[in-house]
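Chain by chain, the residues run as shown.
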Amino acid sequence: MLLSQGAEAKIYVGDYKGKQCLIKERFIKKYRHPDLDKQITKERMRAESKAIKRCTESGILTPEIFYVDFEDRKIFMQYFSGSLTSKQYINEYLSNGLSESEEKLYKLCVGIGELIGKLHKNNIIHGDLTTSNFLVNPKSKDNFDEYELIVIDFGLSYYSQSAEDKAVDIYVLERALLSTHSNSPQMFNQVLDAYETVDEKSCREVITKFEEVRARGRKRTMIG
Ligand SMILES: Nc1ncnc2c1ncn2[C@@H]1O[C@H](COP(=O)(O)OP(=O)(O)OP(=O)(O)O)[C@@H](O)[C@H]1O
Ligand SMILES: [Mg+2]
């Protein structure tokens, strides 16, 4: 069963040692030199499994990795069959305009902000923060009143203590929220407020940097 076909990978449900799992298979990019392609793919797969290991050690929820097959470019991981991406949860599950939905959206933003705060506290830069890369996993089947948030898609992630790197991570999220959820412009500030609560001192530094990064971005779009 094919779940998604992105720019880099094909995602499908399969099995690993008889157990249902999710397979993330990165395809060969014909326009790249084969050696370079191999190297990039390997780096992405390494980044993904390393970051997931770090998350696990830090108590951050991610899919468990069962097996990494560099030869066939596949990662076998835990499949959250009853989950929605936070993008789906917002666009397909919450109904626009309902005050109850507003509250749920706020709760989600707080959850995402705290989660990014935790990632950064542990010096994990995600590299591709979008609402497609957080899974909303209900605690009991089909009941989204209570859920846990799971981070996925660590192919562009890396380890860094730098406030600037963390700021860029957040900038990526802001751009993604503005384009994907343009009807809910309050989301980003809600995420950021929650982010700040995790580790006030270091998050403040990141937010100051973030404002610089954003100003640079503005300048670029004015010129370009
Ligand atoms: N462990 C999982 N359980 C359930 N669904 C998942 C899981 N991992 C991925 N998905 C689904 O597949 C989609 C794509 O996965 P993912 O974000 O890892 O790949 P991608 O965006 O194509 O990869 P990349 O950005 O590395 O090219 C997710 O948005 C989600 O809908
Ligand atoms: Mg993704």
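A quick note: this is a predicted structure, and the numbers were derived from the prediction, not measured.

> Help me out: how do you make sense of the side chain of Thr130 in this one?
Examined against the element boundaries, Thr130 turns out to sit in the loop between strand E7 (124-125) and strand E8 (134-140). When near neighbours in sequence (up to four residues on either side) are disregarded, Thr130 contacts Leu173 and Ala176.

> Sorry, what's going on with the packing of aromatic side chains here?
What describes a pair of aromatic rings is the distance from one ring centre to the other and the angle between the planes of the rings. Counted by the stated rule, this structure contains 9 aromatic pairs. Both rings, one in Tyr89 and one in Phe144, keep their centres 6.1 Å apart while their planes meet at 40°; by these two values the pair is tilted. Highlighted residues: Tyr89 in helix H2 (residues 86-93) and Phe144 in strand E9 (residues 143-151), separated in sequence by 55 residues. Look at Tyr89 and you get buried, because its relative accessible area is 1%. In this structure Phe144 comes out as buried when scored by relative accessible area, which is 7%.

> Sorry, what's going on with the coordination of the magnesium ion (ligand 2) here?
As a benchmark, a tetrahedral metal site with four donors has ideal angles of 109.5 degrees, while an octahedral site with six donors has ideal angles of 90 or 180 degrees. Summarising the metal site, the magnesium ion (ligand 2) is bound by the protein donors Asn133 (OD1) and Asp153 (OD), whose distances to it range over 2.2 to 2.3 Å. Note that Asn133 is positioned in the loop between E7 and E8 and Asp153 in the loop between E9 and strand E10 (158-159), a separation of 20 residues in sequence. Overall, the relative accessible area of 24% leaves Asp153 in the partly exposed class.

> Any chance you could explain the packing of H2 against helix H3 (residues 99-121) here in plain terms?
For any two helices packed against each other, one specifies the crossing angle of their axes together with the interaxial distance. Two numbers describe how H2 lies on H3: the axes approach to 11 Å, and their chain directions differ by 175°. Between H2 and H3, the interaxial angle falls into the category roughly antiparallel. For the pair formed by H2 and H3, the contact residues are Ser86, Tyr89 and Ile90 on the first element and Lys104, Leu105, Leu108 and Ile112 on the second. Residue composition of the contact of H2 with H3, grouped by class: 5 nonpolar, 1 polar and 1 charged.

> Help me understand the sheet that holds strand E3 (residues 19-26) in this model?
What links the strands of a sheet is backbone hydrogen bonding, and the strands pair in either a parallel or an antiparallel sense. One open sheet holds the 5 strands; their spatial order is E1-E2-E3-E5-E4, and the pairing between them is antiparallel. Bordering the open sheet on either side are strand E1 (2-5) and strand E4 (65-69), each of which pairs with just one other strand. On average, adjacent strands in this sheet sit at an angle of 20° to one another, irrespective of strand direction. As paired elements, E4 and strand E5 (residues 74-77) share 4 bridges and run antiparallel to each other. Directly across from Tyr67, in E5, lies its bridge partner Phe76.

> When you look at the environment of Tyr31 in this model, what are you seeing that I'm missing?
Within the secondary structure layout, Tyr31 lies in the loop between E3 and helix H1 (34-57). Owing to a relative accessible area of 65%, Tyr31 belongs among the exposed residues under this scheme.

> Would you mind going over the domain arrangement of the protein chain with me for this structure?
One frequent convention defines the size of an interface as the accessible area lost when the parts assemble. Each assigned domain of the protein chain is listed with its residue range as follows: domain 1 (2-77) and domain 2 (84-223). Put simply, the middle of domain 1 and the middle of domain 2, counted by C-alpha atoms, are 23 Å apart. With 15 residues of domain 1 in contact, the opposing surface of domain 2 contributes 16 residues. Across the interface of domain 1 and domain 2, roughly 1,200 Å² is buried in total on both sides, 67% from carbon and sulfur atoms. Together, Arg54, Ile60 and Leu61 form the three largest contributors to the area buried by domain 1 at its contact with domain 2, with a combined 40%. At the junction of domain 1 and domain 2, the tally comes to 1 salt bridge. Lys24 is paired through a salt bridge with Asp153; the nearest N and O atoms lie 3.0 Å apart. Among the secondary structure elements, those contributing two or more residues to the side of domain 1 that touches domain 2 are E3 and H1. It is H1 that provides the largest number of residues to the side of domain 1 that touches domain 2, a total of 7 residues. Each residue belonging to the side of domain 1 that touches domain 2 can be placed in one class, and the counts come to 7 nonpolar, 3 polar and 5 charged.

> I tried to follow the packing of helix H4 (residues 163-180) against helix H5 (residues 187-198) on my own but got confused; where do I start?
In the contact formed by H4 and H5, the axes pass within 10 Å of each other and the chain directions differ by 150°. Judged by the inter-axis angle, H4 sits roughly antiparallel to H5. As H4 packs across H5, the resulting crossing turns out to be right-handed. Here H4 contributes Lys166, Ile170, Leu173, Glu174 and Leu177 to the contact with H5, which in turn contributes Met187, Phe188, Val191, Leu192 and Tyr195.

Rules used throughout
- Residues numbered from 1 in each chain as written.
- Chains lettered and ligands numbered in written order.
- Predicted model: local features only at pLDDT ≥ 70, side-chain atom pairs only at ≥ 80, totals over all residues.
- Heavy atoms only, no water.
- Helix = DSSP H or I, 4+ residues; strand = E, 2+ residues; numbered from the N terminus.
- Contact = heavy atoms within 4.5 Å.
- Phe/Tyr/Trp six-rings, centres within 6.5 Å; stacked < 30°, edge-to-face > 60°.
- Buried < 20%, exposed > 50% of the residue type's maximum accessible area, 1.4 Å probe, protein only.
- Donors = N, O, S within 2.8 Å, 3.2 Å for Na, K, Ca; no water.
- Axes fitted to C-alpha atoms, helices over the stretch in contact; angles between N-to-C directions.
- Parallel < 35°, antiparallel > 145°, perpendicular 65-115°, else oblique.
- Nonpolar A, V, L, I, M, F, W, Y, C, P; charged D, E, K, R; others polar.
- Pairing = 2+ DSSP bridges.
- Domains from an automatic or database assignment.
- Buried area = accessible area lost by both parts, 1.4 Å probe.
- Salt bridge = Lys/Arg side-chain N within 4 Å of Asp/Glu carboxyl O.
- Left-handed = near helix turned anticlockwise from the far one by under 90°.

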